[in-house]
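Examining the three-dimensional arrangement
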Amino acid sequence: MRKRLVCAALALFAVAAVLTVPCVPCVSVSNRKNPAERVLSRAALGGFVISYTHSVNKGRVHDFYGTDGGMLVLEKTAFVSYGAGIPEASETDGAQFAVTDDCYVITNLNRRLERLVMAVGVIAEHTMTVGGKEVLLRTLFAPQTSLSIEVKKVPLSAYLLANHISI
């Protein structure tokens, strides 16, 4: 009887640990004022793109992010025209500027961020693209919601119960 009780307690402890210990790596997009309001994506660990309409030059900007351990890495940016706030390749050692038929591209940015903080734009039409599928962020969060995008490990229970970016 005592062995069964000990085994049951250990099994219960193991299940509780699996469900509560942060162990599932993913990219978390959460409301900064209400972190429980979030979406998760394991696919985004392989890279994602945040796109938006630039407030000054009105062209689309595409920022390409990868992940490295627990960090986001801004790898490159592509844009259709220059305007205030558009980065210069000379601002970052090793960055390279190129002109394509469609846009300007700055590669090798390698800017490491613990988190990306941004607001869902009213006019900017922010999107997140993972694996070739694009989601309009205002369909997930209300416009003007302040977001935090970061690599996190979450408990299995939180991962299973969370909304997921279906891309």
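Heads up: the structure comes first, above all this text.
Residues numbered from 1 in each chain as written. Predicted model: local features only at pLDDT ≥ 70, side-chain atom pairs only at ≥ 80, totals over all residues. Heavy atoms only, no water.

The helix and strand inventory of the protein stands at two helices and 13 strands. In the protein, buried positions account for 38% of the 167 residues. Considering only intrachain contacts with a sequence separation of at least 6, the fraction spanning at least 24 residues in the protein is 59%. Accessible surface, the protein as shown: approximately 9700 Å² in total, 57% of it carbon and sulfur. (Helix = DSSP H or I, 4+ residues; strand = E, 2+ residues; numbered from the N terminus. Buried < 20%, exposed > 50% of the residue type's maximum accessible area, 1.4 Å probe, protein only. Contact = heavy atoms within 4.5 Å. Areas by Shrake-Rupley, 256 points an atom, 1.4 Å probe, with all protein chains shown as cover.)

Two strands pair when backbone bridges link them, and strand 10 (residues 127-130) and strand 11 (residues 133-136) are joined in this way by four bridges, in the antiparallel orientation. Residue pairing for strand 11: M128 is matched across the bridge by V135. (Pairing = 2+ DSSP bridges.)

Glancing now at the environment of T53. In this fold, T53 is placed in strand 3 (residues 48-53). For T53 and A124, which are 71 residues apart along the polypeptide, the C-alpha to C-alpha distance reads 4.5 Å. Discounting residues that sit within four places of it in the chain, T53 has contacts with K58, G59, R60, I123 and A124. Looking at T53, its side chain comes within polar contact range of the side chain of R60, at 3.1 Å. (Polar contact = N/O pair within 3.5 Å; in protein donor to acceptor, adjacent residues only side chain to side chain.)

Right, let's get into the side chain of S28. Take S28: it is sitting in strand 1 (residues 22-31). What makes S28 buried here is its relative accessible area of 0%. With near-sequence residues (within four places) excluded, S28 lies in contact with R38, V39, L40, S148, I149, E150 and K152.

Our focus in this paragraph is unusual backbone geometry. Positive phi is not limited to glycine here, since N108 has a value of about 60 degrees. Along the chain, the position of N108 falls in the loop between strand 7 (104-107) and strand 8 (111-113). Residue class for N108 comes out partly exposed when judged on its relative accessible area of 35%. At Q144, a position not held by glycine, the phi torsion is positive, near 75 degrees. Topologically, Q144 is positioned in the loop between strand 11 and strand 12 (146-155).

Within the secondary structure, E75 is located in strand 5 (residues 71-79). Each C-alpha atom, one on E75 and one on G47, is 9.6 Å from the other, the two residues being 28 residues apart in sequence. With near-sequence residues (within four places) excluded, E75 lies in contact with F64, Y65, G66, I106, T107, N108, L109 and N110.

This part is about the nonpolar core. Counting residues in hydrophobic clusters, the biggest one holds 26 residues, and the most contacted among them are F48, I50, M128 and I149. Secondary-structure elements contributing two or more residues to this core are strand 1, strand 3, strand 4 (60-68), strand 5, strand 9 (116-119), strand 10 and strand 12. Those residues in contact with F48, other than ones at most four positions away along the chain, are V27, D63, F64, Y65, L72, M128, T129, V130 and I149. Formed by six residues, the second largest nonpolar core is a distinct cluster that contains V24, C26, L40 and V154. (Core = buried A, V, L, I, M, F, W, Y, C linked by side-chain atoms within 4.5 Å.)

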